[in-house]
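# Structure assessment
Next come the chains, spelled out residue by residue.
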Amino acid sequence: MSTEFNECLREPLGEQAQIWIVGTREQVNHIISEMYVRQMITDRSQFSPMIPAPAQGKYMSVLIR
């Protein structure tokens, strides 16, 4: 894992589970929308804002449940 990922994991989240989506901007948006349509999430705002991932050309978003 890169340093940026390790820094993200150090934040205290208690016992909350996390779902990380990493891919192109379009892939991440599509998966978030698909999870909303399938009613796996109640609101798209449950995901963090999309940020650039350490891999070139990739983005990521995190759902904390």
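Everything below is about the structure printed above this text.
Here's a quick rundown of the structure. (Residues numbered from 1 in each chain as written. Predicted model: local features only at pLDDT ≥ 70, side-chain atom pairs only at ≥ 80, totals over all residues. Heavy atoms only, no water.)

### Structural notes on the overall build of the chain
When its secondary structure is counted, the chain shows two helices and three strands. Along the chain, from the amino end to the carboxyl end, the secondary structure elements read α-β-α-β-β. For the chain, the residues scored as buried account for 20% of the 65 residues in total. Of the contacts formed within the chain by residues at least 6 apart in sequence, a portion of 51% connects residues at least 24 apart. Entry remark: accessible area of the chain is about 4,900 Å², with carbon and sulfur atoms responsible for 52%. (Helix = DSSP H or I, 4+ residues; strand = E, 2+ residues; numbered from the N terminus. Buried < 20%, exposed > 50% of the residue type's maximum accessible area, 1.4 Å probe, protein only. Contact = heavy atoms within 4.5 Å. Areas by Shrake-Rupley, 256 points an atom, 1.4 Å probe, with all protein chains shown as cover.)

### Some thoughts on unusual backbone geometry
With a phi angle near 60 degrees, Q39 is a residue other than glycine that sits in the positive phi range. Relative to the helices and strands, Q39 resides in the loop between α2 (25–37) and β2 (51–52). Of the residues examined, Q39 reaches a relative accessible area of 70% and is grouped as exposed.

### A few points about the nonpolar core
Of all hydrophobic cores here, the largest spans seven residues; its members are I21, V28, I32, M35, I41, F47 and L63. Examining the composition of this core, we find that three residues originate from one element, α2, more than from any other. Setting aside anything within four residues of it in sequence, one finds I32 in contact with I21, I41, R44, F47 and S61. (Core = buried A, V, L, I, M, F, W, Y, C linked by side-chain atoms within 4.5 Å.)

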